[in-house]
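These are the residues of each chain, in order.
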Amino acid sequence: MEHALKGYLDGRLAPAQFAIRYVIQGPSGTTEARFAGTGEYRLSSTVTADHRPRSFIGRMGPHDVRELALVALRAGLWRAAHVGSVDGGAETRIDVTAGEQTFSVVLWTSETAEVRSFDQVQQRILRLVHRLTGGAVQEVGR
């Protein structure tokens, strides 16, 4: 994952070959977001005021994706690991795709706030989700 993030950030990997995907399942619903290096995004969630599924497709500035990748690199996202051995049920995952390869970090949703490297990236993703949906998606990541 570190190599993929660095490759995208230093320009060795074309923006069209890069994406970050986030999926969280919790008691309040499911949220999924995919941010392509080109700035295109897809978001879907049931964590809305009326709990009805909402989907959003659009384009944001590629600098937003670069900033997200930089947060993941600086946080050392690839080092994130479970903090306990107990199955916490629902999962939260962040995937980094570089060309044909996908690197994943998966935690129990109940432990994401305890794993600093993961939570830093998750919180940046959620700020993007809230901004891009005008607050319609109310996901808090826990």
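All residue numbers refer to position in the chain's written sequence, counted from 1. Local features in a predicted model are, by the rule used here, given only for residues with pLDDT of at least 70; side-chain atom pairs are given and counted only at 80 or more, and totals for whole chains, interfaces and linings are based on all residues. The side-chain quantities take in all heavy atoms of the structure and omit both hydrogens and water.

Visitor: Tell me what's going on with helix 3 (residues 116-132), and back it up with residues and numbers.
Guide: For helix 3, which comprises 17 residues, the first-to-last C-alpha distance of 24 Å matches the rise-based estimate of 24 Å (1.5 Å per residue) to within 8%. Any two residues whose heavy atoms approach within 4.5 Å at even a single point are treated as in contact. Elements are defined by DSSP. Helices are runs of H or I of four residues or more, strands are runs of E of two residues or more, and each kind is numbered from the N terminus. Turning to helix 3, the residues buried within the fold contact strand 1 (18-26), strand 2 (29-36), strand 3 (40-45), helix 2 (62-75), strand 5 (91-98) and strand 6 (101-108). Phi turns positive, to about 60 degrees, at Gly 134, one or two residues after helix 3. Here the expected length of a helix is defined as 1.5 Å per residue gap, with one fewer gap than residues.

Visitor: Help me get a handle on the packing of helix 2 against helix 3, residues and values and all.
Guide: Lines fitted to C-alpha atoms define the axes, with helix axes restricted to the stretch in contact, and inter-axis angles between N-to-C directions lie between 0 and 180 degrees. One can describe the packing of helix 2 onto helix 3 by two numbers: an axis separation of 8 Å at closest approach and a directional angle of 165 degrees. Put simply, helix 2 runs roughly antiparallel to helix 3. Of the two elements, helix 2 crosses helix 3, and the hand of that crossing is right-handed. Every residue of helix 3 that contacts helix 2 at Asp 64, Glu 67, Leu 68, Val 71, Ala 72 and Ala 75 is listed here: Ser 117, Gln 120, Val 121, Arg 124, Ile 125, Leu 128 and Arg 131. Three classes are used, and their members are as follows: Ala, Val, Leu, Ile, Met, Phe, Trp, Tyr, Cys and Pro are nonpolar, Asp, Glu, Lys and Arg are charged, and the others, Gly among them, are polar. Among the residues making up the contact of helix 2 with helix 3, the classes are represented as seven nonpolar, two polar and four charged. Each angle receives one of four descriptions, namely roughly parallel if under 35 degrees, roughly antiparallel if over 145, roughly perpendicular if within 65 to 115, and oblique otherwise. Each crossing gets its hand from how the near helix is turned against the far one by less than a right angle, where anticlockwise is left-handed and clockwise is right-handed.

Visitor: Mind laying out the sheet that holds strand 1, listing which residues take part and the relevant values?
Guide: With antiparallel pairing, the six strands of this open sheet are ordered in space as 4-3-2-1-5-6. Single-partner strands in this sheet number two, and they are strand 4 (54-59) and strand 6. Taking each pair of neighbouring strands and ignoring which way they run, the sheet shows an average axis angle of 10 degrees. Only when DSSP finds a minimum of two bridges between them are two strands counted as paired. By the bridge criterion, eight bridges tie strand 1 to strand 2 in an arrangement that is antiparallel. Its bridge partner being in strand 2, Arg 21 is matched across the sheet by Arg 34.

Visitor: Which residues make up the packing of aromatic side chains, and what are the values?
Guide: Here the aromatic set is Phe, Tyr and Trp, taking the six-membered ring for Trp, and pairing holds for ring centres within 6.5 Å; pairs whose planes are under 30 degrees apart are stacked, those over 60 apart are edge-to-face, and all others are tilted. Across all of its chains, the model carries one aromatic pair by this definition. Should the NZ of a Lys or the CZ of an Arg lie within 6 Å of a ring centre and within 35 degrees of the ring normal, that charge is described as sitting over the ring. Sitting above the plane of the Tyr 8 ring, Arg 66 keeps its charged end 5.6 Å from the centroid.

Visitor: Break down unusual backbone geometry for me, citing the residues and quoting the values.
Guide: Phi is positive for His 51, close to 60 degrees, though the residue is something other than glycine. With respect to the helices and strands, His 51 occurs in the loop between strand 3 and strand 4. Note on classification: 1.4 Å probe, protein chains only; a residue is buried when its accessible area is under 20% of the maximum for its type, exposed when over 50%, partly exposed between these limits. Residue His 51 is classed as exposed on the basis of its relative accessible area of 54%.

Visitor: Please give an account of helix 2 that cites residues and values.
Guide: The terminal C-alpha atoms of helix 2, which comprises 14 residues, lie 20 Å apart, in line with the 20 Å expected from a rise of 1.5 Å per residue. Within the sequence span of helix 2, burial applies to Asp 64, Val 65, Leu 68, Ala 69, Ala 72 and Ala 75. Projected onto a plane normal to the axis of helix 2, the buried residues spread over an arc of 135 degrees and lie on a single side. Opposite the packed face of helix 2, turned more than 90 degrees from it, sit the exposed residues His 63 and Arg 74. On its buried side, helix 2 packs onto helix 1 (2-9), strand 1, strand 2 and helix 3. Gly 76 sits one or two positions beyond helix 2 and adopts a positive phi of about 70 degrees. Here the arc refers to the set of directions running from the helix axis out to each C-beta atom.

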